[in-house]
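A look at the structure
Next come the chains, spelled out residue by residue.
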Amino acid sequence: MIKAVVFDFDGTILDTESVAYDVFRDIFSEYGAELKLEKWALGIGTWGAYDPYDDLESMTGLPIDRRALEKRYNEIFAERVKKVELRPGVAAALEEAKRRGLRIGLATSSYRRSVEPHLKAFGLLSYFDAIHTADEVRKVKPDPALYLLALASLGVQGREAVAIEDSFNGLRAAKAAGLYGVAVPNPLTAGMDFSEADLVISSLAEQPLGNWIDRLGPPESGNEAAG
């Protein structure tokens, strides 16, 4: 019986990932370089797997003022992300989880300072019984540490919880911690390998939480696809 649901943030609740990719792609183009999605995707849901600054320097052969470029990226990103809406079905999924009396957590490889302002802006902060961020762990996803913290805070075991993720790295973390894994890809992650997922759905709007949470089978019973 599912007693808790744990959400990822970037790309799952708010598609900040597409914003970040677009900003860096524009910066790369100013240097006459092209930022390939397959490279960028390596770093989605984790840290350290891909460094755009090193890549840009390698591609152009030019010395990059990392601090200045990072400052510029942050400024552009902050402006563009203001226009981003919640991913479809997220608010309804949170409300349904609350209605069912489920414990609700958040486990993200982002820092708390990058997450809480968005949750507050969209009026979502009060839904979460536990929020765990990169500030609290030595290793982020695909390491299971964030999800293990969430399970402990919510007072449930892995088989009693389901993670909602958009990326391969996030899904790996959830499964390693023993949770059921539901993949809801976004435009940047749609081509990732979600074969480990217990369920893959196209959208929380097209497949609301109430439609699938009761039919999740044991993790070892095989995967499903919907939507």
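Conventions used here
Each chain has its residues counted from 1, running along the sequence as written. In keeping with the predicted nature of the model, local features appear solely for residues at pLDDT of at least 70, side-chain atom pairs appear and are counted solely at 80 or more, and the whole-chain, interface and lining totals rest on all residues. Note that water and hydrogens are dropped before the side-chain values are worked out from all heavy atoms of the structure. A pocket here means an open set of points on a 1 Å grid, computed over the protein atoms alone, that has protein on both sides within 12 Å along at least five of seven lines. A cavity is instead a set of points where a 1.4 Å probe fits but cannot get out; residues with an atom within 4 Å of a point line either one. Grid points are joined across faces, edges and corners, and a volume is the space filled by probe spheres set on the points. Numbering of helices and strands starts at the N terminus; helices are DSSP runs of H or I of at least 4 residues and strands are runs of E of at least 2. In this classification, the charged set is Asp, Glu, Lys and Arg, the nonpolar set is Ala, Val, Leu, Ile, Met, Phe, Trp, Tyr, Cys and Pro, and all remaining amino acids, among them Gly, are polar. When the centres of two rings from Phe, Tyr and Trp lie within 6.5 Å, Trp using its six-membered ring, the rings pair. Their planes under 30 degrees apart give stacked, over 60 give edge-to-face, and anything left gives tilted. Partly exposed describes any residue whose relative accessible area lies between the buried limit of under 20% and the exposed limit of over 50%, with all areas from a 1.4 Å probe on protein chains only and scaled to the type maximum. For a lysine, the NZ atom is tested; for an arginine, the CZ atom; a charge sits over a ring if that atom is within 6 Å of the ring centre and within 35 degrees of the ring normal. Throughout this description, the term salt bridge denotes a Lys or Arg side-chain nitrogen within 4 Å of a carboxyl oxygen of Asp or Glu. Side-chain atoms within 4.5 Å link the members of a nonpolar core, which is a set of buried Ala, Val, Leu, Ile, Met, Phe, Trp, Tyr and Cys residues. Every residue pair with non-hydrogen atoms within 4.5 Å of one another is taken to be in contact. Any two strands between which DSSP finds at least two bridges are classified as paired. Note on handedness: a clockwise path from strand one over the helix to strand two, with the strands aimed away from the viewer, defines a right-handed crossover.

Side note on the layout of surface pockets
As a volume, the largest pocket reaches approximately 1000 Å³. The wall of the largest pocket is formed by 34 residues, among which Ala20, Trp40, Trp47, Tyr73 and Ser110 lie closest to the centre. For the lining of the largest pocket, the secondary-structure elements that each account for two or more residues are helix H1 (16-30), helix H3 (52-60), helix H4 (66-81) and helix H6 (112-121). Sort the elements by how many residues they give to the lining of the largest pocket and H4 lands first, with seven residues. Counted by class, the lining of the largest pocket contains 15 nonpolar, 11 polar and eight charged residues.

Section: the packing of aromatic side chains
If you walk through the whole model with that rule in mind, you get eight aromatic pairs. A centroid spacing of 4.5 Å and a plane angle of 20 degrees characterise the contact between Phe24 and Tyr73, whose relative ring orientation is stacked. Here Phe24 is found in helix H1, whereas its partner Tyr73 is found in helix H4, with 49 residues between them in sequence. Residue classification places Tyr73 among the buried positions, given a relative accessible area of 12%. Arranged with centres 5.8 Å apart and planes meeting at 35 degrees, the rings of Trp47 and Tyr111 form a pair that is tilted. Taken together, the positions of Trp47 in the loop between helix H2 (37-40) and H3 and Tyr111 in the loop between strand S2 (103-107) and H6 put the pair 64 residues apart, joining distant regions of the chain. The exposure class of Tyr111 is partly exposed, given its relative accessible area of 30%. Within the aromatic cluster, the residues linked to one another by ring pairs are Tyr21, Phe24, Trp40, Tyr50, Tyr53, Tyr73 and Phe77. If you follow Lys98 out to its NZ or CZ, it ends over the ring of Tyr127, 5.5 Å from the centre.

Details of the pattern of salt bridges
One pass over the full model with this rule turns up 19 salt bridges. We note a salt bridge from Asp54 to Arg66, for which the minimum N-O separation is 3.8 Å. Here Asp54, found in helix H3, pairs with Arg66, found in helix H4; they are 12 residues apart in sequence, far enough to count as distant. A salt bridge links Asp129 to Arg103; the nearest nitrogen and oxygen atoms lie 3.6 Å apart. Remark: Arg103 occurs in strand S2 and Asp129 occurs in the loop between H6 and strand S3 (130-132); sequence separation between them is 26 residues. Overall, the relative accessible area of 41% leaves Asp129 in the partly exposed class. Taken together, the shared-partner salt bridges in this structure form one network comprising Glu96, Arg99, Arg100 and Asp214.

As for unusual backbone geometry
Cis geometry marks the peptide bond from Lys141 to Pro142, where omega comes out at 15 degrees. Relative to the elements of secondary structure, Pro142 occurs in the loop between S3 and helix H7 (145-154).

Some details on the nonpolar core
Counting 58 residues, the largest nonpolar core has Phe7, Trp40, Phe128, Val162, Leu204 and Trp212 as the members making the most contacts within it. It is H1 that provides the largest number of residues to this core, a total of seven residues. Once residues lying within four places of it in the same chain are set aside, the contact partners of Val162 are Ile2, Ala4, Val5, Val6, Leu179, Tyr180, Val182, Trp212, Ile213 and Leu216.

What to know about the pairing of strand S4 (residues 161-165)
The element S4 is extensively covered by neighbouring structure, given that five of its five residues are classed as buried. Of the two faces of S4, the one lined by Ala161, Ala163 and Glu165 and the one lined by Val162 and Ile164 are each fully buried. Bridge analysis of strand S1 (residues 4-7) against S4 gives four bridges, and the strand direction is parallel. Residue pairing in the sheet places Phe7 in a bridge with Ile164 of S4. Direction of pairing for S4 relative to strand S5 (residues 180-183): parallel, over a ladder of four bridges. Residue pairing across strands places Glu165 opposite Ala183, the latter belonging to S5. You can see the chain leave S4, run along helix H8 (residues 168-176) and come back into S5, and the turn it takes is right-handed.

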